[in-house]
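Survey of secondary and tertiary structure
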Amino acid sequence: MRKLFALALSAMLAASTLGGMTVSADSADVDFSNMKVGFIFLHDENSTYDLNFMNSAKAAAANLGLSEDQIVMKVNIAEGEQCYETAADLADSGCNIIFADSFGHEDFMIEAAQEFPEVQFCHSTGTRAHTEGLDNYHNAFASIYEGRYLAGVAAGKKLNAMIEEGKITEDQALIGYVGAFTYAEVISGYTSFFLGARSQCPSATMKVTFTGSWYDETAEKEAANKLIQDGCVLISQHADSMGAPTACEAAGVPDVSYNGSTISVGPNSYIISSRIDWTPYYEHAITCAAKGEAIEADWTGTLATESVLLTELNDAVAADGTQDAIDAAKAALEDGSLHVFDVSTFTVTVTDSSNVNATVDENGNLTSYMADVDTDAAYEGDTEVVSDGYFHESEYRSAPYFDLQIDGIELLDTSF
């Protein structure tokens, strides 16, 4: 269970798809010779999600000039006791700082942080660091909802082109979305994508189905096929395999991916993908640890930190004018004139079973929402997150807490 999975740095660099070897400003003249860094990944490189983290780890190692014996990578570490055992093994082996990449690793990373107070533990997608009170336990995420919105802009442009070409009518602009679980991270993701699409194609609607797994190629492919059979004319996903992109290519349905390009399996269907680049955070946290400086309890990467990226647009599939529309929306996000969850751009229906923490006006526009920012067992709302006309996602905590169900999106299965 504690078997070490080590990779030579040369092999890591050969596999990396990321950019050049530049040292971040705060790492200049820092002595990294005593650093040893551990990485815990939920799956291996076959998962687009984990591969994205792995590529960022490789880039950070190269940029900081770490040697191969300073990096330890462990893959296929389940969200259970195996995570604690792996983290403890890494600490015992001399790692100064340890990163984990999946939501379900959190309890076990906290357990390890309590046992090894001299080691820094950094957890991506977690929610509890800002309330846990541990100096050596930290959460990180990014404003990926902005990246998903921009990917949605590309989807909306494609829908408009299909309408103009007579392939579909306006009321047939139905998007299908393959989600993993009904977590806030997934809800925030599919909603921001949908709002980006609707900013270009106002008649767009969406159906969302869930697989109950982050990585299940068969289930994801079946889910995409079912959505296509139900009339969805464009597919996106928050799931980690090539299942949905493969189904789209076979059916000739446009596809917007997540965590990296899937053009290798969908040259005739793939449009674009959004992803978090974890390299800036890895470099920052490792540098802080090397300098003996405090690491933020909760860190949010942004467009400005180049933590939120889009892959290169596939011009063979994308609609004309897509890059210009993305560039315009990105500029507006960056200057603050556009907010993804602008409450004037969507409506909410409040029922006894959903959106119970929401308050809306007579038009269904959101006026107040008490989000579960300080996570507790009952998931009770504790923080007002609507002000200045928009829902402030990932500002009060890095991990997403947008879990509203907005009008225009139909959930096909909420059992996961």
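Residues numbered from 1 in each chain as written. Predicted model: local features only at pLDDT ≥ 70, side-chain atom pairs only at ≥ 80, totals over all residues. Heavy atoms only, no water.

**A few points about the overall build of the protein**
Within the protein, the secondary structure is distributed over 11 helices and 18 strands. Expected size for 416 residues packed as a compact globule is a radius of gyration near 22 Å; at 21 Å, the protein falls within 12% of this value. Dimensions of the protein, computed from the C-alpha atoms along their principal axes, are close to 60 × 45 × 40 Å. A buried classification covers 56% of the 416 residues belonging to the protein. Contacts in the protein between residues at least 24 apart in sequence constitute 67% of all its contacts with a sequence separation of at least 6. As displayed, the protein has an accessible area near 16,300 Å², and 47% of this comes from carbon and sulfur atoms. When the 18 basic and 65 acidic side-chain charges of the protein are each reduced to a single mean position, those positions are 7 Å apart. (Helix = DSSP H or I, 4+ residues; strand = E, 2+ residues; numbered from the N terminus. Rg over C-alpha atoms; globule rule 2.2 N^0.38 Å. Buried < 20%, exposed > 50% of the residue type's maximum accessible area, 1.4 Å probe, protein only. Contact = heavy atoms within 4.5 Å. Areas by Shrake-Rupley, 256 points an atom, 1.4 Å probe, with all protein chains shown as cover. Lys, Arg positive; Asp, Glu negative; His and termini not counted. Charge placed at Lys NZ, Arg CZ, Asp CG, Glu CD.)

**Overview of unusual backbone geometry**
Positioned with a positive phi, T125 is a non-glycine residue whose angle comes to about 80 degrees. Looking at the secondary structure, you find T125 in the loop between β4 (120-124) and α5 (129-132). A positive phi angle, near 55 degrees, is found at S394, a position not held by glycine.

**Focus: the confidence of the model for the protein**
Of the residues in the protein, 94% have a pLDDT of 70 or more, and the chain-wide mean is 92. In this model residues 1-25 is a low-confidence stretch, pLDDT under 50, and it forms 48 contacts with partners more than four residues away in sequence or in other chains. (pLDDT = per-residue confidence, 0-100.)

**Some remarks on the layout of surface pockets**
In this structure, the largest pocket occupies an estimated 960 Å³ of space. In this structure, the largest pocket is lined by 34 residues; those nearest its centre are T182, A184, D372, Y379 and D403. For the lining of the largest pocket, the element with the highest residue contribution is helix α7 (residues 184-200), accounting for 4 residues. Looking at the lining of the largest pocket residue by residue, the classes come out as 16 nonpolar, 11 polar and 7 charged. (1 Å grid on protein atoms, 1.4 Å probe; cavity = no way out; pocket = protein on both sides within 12 Å on 5 of 7 lines; lining within 4 Å. Points joined across faces, edges and corners; volume = space filled by probe spheres on them. Nonpolar A, V, L, I, M, F, W, Y, C, P; charged D, E, K, R; others polar.)

**Side note on the packing of aromatic side chains**
Within this structure, the stated rule accounts for 23 aromatic pairs. Ring geometry for F39 against Y282: centres 5.1 Å apart, planes inclined by 65 degrees, an arrangement best described as edge-to-face. In this pair, F39 is assigned in strand β1 (residues 37-40) and Y282 in helix α10 (residues 279-291), connecting sequence segments 243 residues apart. For the pair F39 and Y282, one class covers both residues: buried. Between F99 and Y281 the ring centres are 6.2 Å apart and the planes differ by 85 degrees, which places this aromatic pair in the edge-to-face class. Separated by 182 residues along the polypeptide, F99 in strand β3 (residues 97-100) and Y281 in helix α10 bring together distant segments of the chain. Taken together, the ring pairs connect Y145, F341, F346, Y369, F391, Y401 and F402 into an aromatic cluster. (Phe/Tyr/Trp six-rings, centres within 6.5 Å; stacked < 30°, edge-to-face > 60°.)

**Re the sheet that holds strand β15 (residues 383-384)**
The 3 strands are arranged β13-β14-β15 in an open sheet whose pairing can be described as antiparallel. Bordering the open sheet on either side are β13 (358-360) and β15, each of which pairs with just one other strand. (Pairing = 2+ DSSP bridges.)

**Here's the deal with empty space enclosed by the protein**
Here the structure, examined in full by the defined rule, presents 3 cavities of 30 Å³ or more. When its volume is computed, the largest cavity comes out at roughly 50 Å³. Around the largest cavity sit L42, Y49, D101, S102, F103, T125, E185, W214 and D240, which together line it. Broken down by class, the residue content of the lining of the largest cavity amounts to 4 nonpolar, 2 polar and 3 charged.

**Some points on the environment of A78**
You can see A78 is positioned in the loop between β2 (71-74) and α3 (81-92). Of the residues examined, A78 reaches a relative accessible area of 38% and is grouped as partly exposed. Separated by 35 residues in the primary sequence, A78 and H43 place their C-alpha atoms 8.0 Å from one another. Residues in contact with A78, not counting those within four places in the same chain, are L42, C83 and H105.

**Considering the pattern of salt bridges**
In total, this model carries 7 salt bridges according to the counting rule given. Between K74 and D89 there is a salt bridge; the shortest N-O distance is 2.3 Å. A residue pair is termed long-range when its members are at least 10 positions apart, and K74 in strand β2 and D89 in helix α3 qualify at 15 residues. Residues K74 and D89 agree in their burial class; the two are buried. Close ionic contact of E165 with K167 constitutes a salt bridge, the shortest N to O distance being 3.3 Å. Both residues of the pair, E165 and K167, belong to the exposed class. (Salt bridge = Lys/Arg side-chain N within 4 Å of Asp/Glu carboxyl O.)

**Some words on helix α6 (residues 144-164)**
Taking 1.5 Å of rise per residue, the 21 residues of α6 would be expected to cover 30 Å, and the 30 Å separating its terminal C-alpha atoms lies within 8% of that figure. Within α6, 18 of the 21 residues are buried, which leaves the element mostly enclosed by the surrounding structure. Looking one or two residues beyond α6, the residue adopting positive phi is G166, at roughly 80 degrees. (Expected span 1.5 Å × (residues − 1).)

**Topic: helix α2 (residues 48-64)**
Across its 17 residues, α2 extends 24 Å between first and last C-alpha, which sits within 8% of the 24 Å expected from 1.5 Å per residue. The element α2 is largely enclosed, with a buried count of 16 among its 17 residues. Looking one or two residues beyond α2, the residue adopting positive phi is G65, at roughly 75 degrees.

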